[in-house]
Amino acid sequence: MRLISTRTDGKLKPKKSELSEAILNPSAEFGGLYAPKKLPKLEYEFFQKGGYMSYAKFAIKLIKEFKFDVSKELFKTALKRYESFDDANEPVPLVKIAKNLYVNELYHGPTRAFKDMALQPFGALLAELAKERGERYLVACATSGDTGPATLETFANASNVNVVCLYPDGGTSAVQRLQMATASALNLKVIAINGNFDDAQRVLKELLASDEFKSELERNGLKLSAANSVNFGRILFQIIYHAYAYARLIHSGELSRDESFDVIVPSGNFGNALGAYYAKKMGAKIGVIKIVSNENNILTEFFTTGRYDLRGKSLIKTISPAMDILISSNVERLLFDKFGAIRTKELMDKLKSDKFYELTKAELAALNEDFEADFCTDSECKKQIAKWAKKGVLLDPHTATCLKMRDKERLSVITSTADWVKFTPSMVSAIKPDAPECAKPEEELSAMLSLGAEYKAKVPVQISKLFKQEVLHSEILDPDKVASAVLGWLK
Ligand SMILES: *Cc1c(COP(=O)(O)O)cnc(C)c1O
């Protein structure tokens, strides 16, 4: 199967690209993103059998249905990366925490956030595809906190890939910042941006679009790619765990043939939610996909009114920083799937020129067949964290936003996107509001260890040791200085 651009002007026949090409060179025609035109359809029996399989085996079976140009052997090698997760046999535990309520724990990888689910195999794929072509790459990524560490981790010491990672200065948690700032492999570069995540993402998009930057890279023998979820190679791996959750629910007897379940997703760039939508279209019996935001609730407005409106909005810093986003890139793939490439180009052009677009009533109704949306304030989120901690369940501030949208009558799977250890100060302030603030790194570490001991929740070594590691990247730059800094580093 080949992929096409989400945008077209309707004049020329759209160009189709193979997956390998879309991974290495993720910008599609007319400034669009690569997307599948049609998804493979899976029967109930596929999931029924899948429930007996290991995650990796299920993943291979599902990927095979796409008939991509990448070999099964290479996918198998890439999926081996899951063997470094907490439990090699069960990288994604689906844990029941109440009647009708499961948590899909996607954070058991090396950087303790769900970004590892896609970036671990993606990194192996990209490096190998580049090697097959005899090419070297600079992989750029913009991060609101979790994509950065996961991208650095997946490519650390890759012989044919360099990474540059941009994050908003002050916009991440201390652990997330340390994960990036202590990255020691020589092929990795980390830059803090004076600005917020949208600024960092804009710099990334400008670099990807800049012929001048790309020809400078060529002179250094490098091509440019991106590790953000604009890259379809990441989305592919984000379909699988939603589909596997369905298979496991059938297996455990929670769901019979005709029954469906809801998925609740804490959303930012909409990659995770898009994965759930694709899984649903492929045959996983998902009823509603519930999109949760924090106070940066542009997606709530979009899914309830049909207006995507950036006007007069600016980013609010919250305790769930990975969701502090206004420009949610993967919504474009949903528009394409529902309304086609001509309409998508029209809407995205309008967003660029007027900072807003509005769907018709019929279009909004089409989205609401699959999606509902709401948002959770920081104080509501802290109440949820405290409430579930009392029951012995520690949920990080992103995952905790999901509880607000739970319908007790419906079987629901909450998508848990991060390990709480990445956000200790917020956890403490939610669970122990009278405890002193842990502002200093050593205070954060000791609060983390004592919270872990109290709740019998293991603090992973790779997190606790960060506090003793040397900071190697401390550069803070204005957005317009990034290109020259990167080129300077490569020389
Ligand atoms: C990236 C991230 C999100 C948002 O995921 P999207 O796919 O961008 O919507 C939510 N929670 C955490 C912890 C994340 O790292």
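What counts and what doesn't
- Residues numbered from 1 in each chain as written.
- Predicted model: local features only at pLDDT ≥ 70, side-chain atom pairs only at ≥ 80, totals over all residues.
- Heavy atoms only, no water.
- Near = heavy atom within 4 Å.
- Polar contact = N/O pair within 3.5 Å; in protein donor to acceptor, adjacent residues only side chain to side chain.
- Areas by Shrake-Rupley, 256 points an atom, 1.4 Å probe, with all protein chains shown as cover.
- 1 Å grid on protein atoms, 1.4 Å probe; cavity = no way out; pocket = protein on both sides within 12 Å on 5 of 7 lines; lining within 4 Å.
- Sits in = over half its atoms within 2 Å of the grid points.
- Nonpolar A, V, L, I, M, F, W, Y, C, P; charged D, E, K, R; others polar.
- Phe/Tyr/Trp six-rings, centres within 6.5 Å; stacked < 30°, edge-to-face > 60°.
- Helix = DSSP H or I, 4+ residues; strand = E, 2+ residues; numbered from the N terminus.
- Buried < 20%, exposed > 50% of the residue type's maximum accessible area, 1.4 Å probe, protein only.
- Domains from an automatic or database assignment.
- Contact = heavy atoms within 4.5 Å.
- Salt bridge = Lys/Arg side-chain N within 4 Å of Asp/Glu carboxyl O.
- Pairing = 2+ DSSP bridges.
- Right-handed = clockwise from strand over helix to strand, strands pointing away.
- Points joined across faces, edges and corners; volume = space filled by probe spheres on them.
- Expected span 1.5 Å × (residues − 1).
- Axes fitted to C-alpha atoms, helices over the stretch in contact; angles between N-to-C directions.
- Parallel < 35°, antiparallel > 145°, perpendicular 65-115°, else oblique.

Right, let's talk about the site of the ligand for a bit. Around the ligand there are 15 residues in total, and Lys115, Asp146, Gly268, Asn269 and Asn272 lie nearest to it. Gly271 has a polar backbone atom sitting 3.1 Å from an oxygen atom of the ligand. In this structure, an oxygen atom belonging to the ligand sits 2.9 Å away from a main-chain N or O atom of Asn272. A total of 380 Å² of accessible area belongs to the ligand in isolation, and the protein chains cover 97% of it. Here the ligand occupies the largest cavity. Residue composition of the shell around the ligand, grouped by class: six nonpolar, seven polar and two charged.

Turning next to the packing of aromatic side chains. This structure, assessed with the given rule, holds 20 aromatic pairs. Note on Phe58 and Tyr244: the rings are 5.2 Å apart at their centroids and 50 degrees apart in plane angle, and the pair reads as tilted. Taken as a pair, Phe58 in helix H3 (residues 55–64) and Tyr244 in helix H10 (residues 232–251) lie far apart in primary sequence, 186 residues in all. Relative accessible area serves as the criterion here: at 0%, Phe58 is assigned to the buried category. Seen from their ring centres, Phe66 and Phe68 are 4.9 Å apart, and the 10 degrees between their planes marks the pair as stacked. Take Phe66 and Phe68: they sit in the same class, and that class is buried.

Here the protein chain is described as being made up of domain 1 (94–110 + 234–466) and domain 2 (111–228 + 471–491). The centre of domain 1, based on its C-alpha atoms, is set 24 Å off from the matching centre of domain 2. Contacts between domain 1 and domain 2 engage 32 residues on the former and 33 residues on the latter. Our enumeration of links across domain 1 and domain 2 arrives at two salt bridges. One salt bridge in this structure joins Asp146 and Lys422, with 2.6 Å as the shortest N-O distance. At the junction of domain 1 with domain 2, the criterion picks out 15 residue pairs in polar contact (both at pLDDT 80 or more). Counting residues per element, the ones that place at least two in the side of domain 1 that touches domain 2 are H10, helix H18 (441–454) and helix H19 (461–464). No other element matches the four residues that H10 contributes to the side of domain 1 that touches domain 2.

Most of strand E8 (residues 188–193) sits out of view: six of its six residues are buried. Side chains Leu188, Val190 and Ala192 project from E8 onto one buried face, and the interleaved Lys189, Ile191 and Ile193 project onto a second face that is buried too. Across six bridges, strand E7 (residues 161–168) lies against E8 in parallel orientation. What sits directly across from Pro168, in E8, is Ile193. Following the backbone out of E7, through helix H7 (residues 174–181) and into the adjacent parallel E8, one traces a crossover that is right-handed. Two elements, E8 and strand E16 (residues 476–477), share two bridges in a ladder whose sense is parallel. When the bridges of E16 are listed, Ile193 appears paired with Leu477.

It is worth spelling out the layout of surface pockets at this point. There is about 1100 Å³ of room inside the largest pocket. Along its surface, the largest pocket is lined by 36 residues, and Arg7, Arg202, Lys205, Ile327 and Lys352 are the ones closest to its centre. Of all the secondary-structure elements, those providing two or more residues to the lining of the largest pocket are helix H8 (197–209), helix H13 (331–339) and helix H14 (341–354). At nine residues, the largest contribution of residues to the lining of the largest pocket is made by H8. Looking at the lining of the largest pocket residue by residue, the classes come out as 17 nonpolar, eight polar and 11 charged. When residues of the lining of the largest pocket are sorted by domain, at least three fall in each of domain 1 (94–110 + 234–466) and domain 2 (111–228 + 471–491).

All right, on to the pattern of salt bridges then. According to the stated counting rule, one finds 29 salt bridges in the structure shown. Of the charged contacts, one joins Glu216 and Arg219 as a salt bridge, the two residues approaching to 3.1 Å between their closest N and O atoms. Within this pair, Glu216 and its partner Arg219 are both found in helix H9 (residues 211–219), separated by three residues, close to a single helical turn. Accessibility expressed as a relative area gives 21% for Glu216, which makes it partly exposed.

Between the first and last C-alpha of H14 there are 19 Å, a value that for 14 residues agrees with the 20 Å anticipated at 1.5 Å per step. Contact partners of the buried residues in H14: strand E1 (3–5), strand E12 (307–309), H13, strand E13 (356–358) and helix H15 (361–368).

Moving on: the packing of helix H12 (residues 298–305) against H15. Two elements in contact, H12 and H15, have axes separated by 8 Å at closest approach and are oriented at 115 degrees. Regarding the angle of H12 to H15, the classification is roughly perpendicular. On H15, the residues touching Phe302, Phe303, Thr304 and Thr305 of H12 are Leu364, Leu367 and Asn368. Split into classes, the residues belonging to the contact of H12 with H15 amount to four nonpolar, three polar and no charged.

Two numbers describe how helix H16 (residues 378–390) lies on helix H17 (residues 424–431): the axes approach to 8 Å, and their chain directions differ by 75 degrees. Overall, the two elements H16 and H17 adopt an arrangement that is roughly perpendicular. For the pair H16 and H17, contact is made by Lys382, Ile385, Ala386 and Ala389 and by Met427, Ser429, Ala430 and Ile431, respectively. Taken together, the residues that form the contact of H16 with H17 break down as six nonpolar, one polar and one charged.

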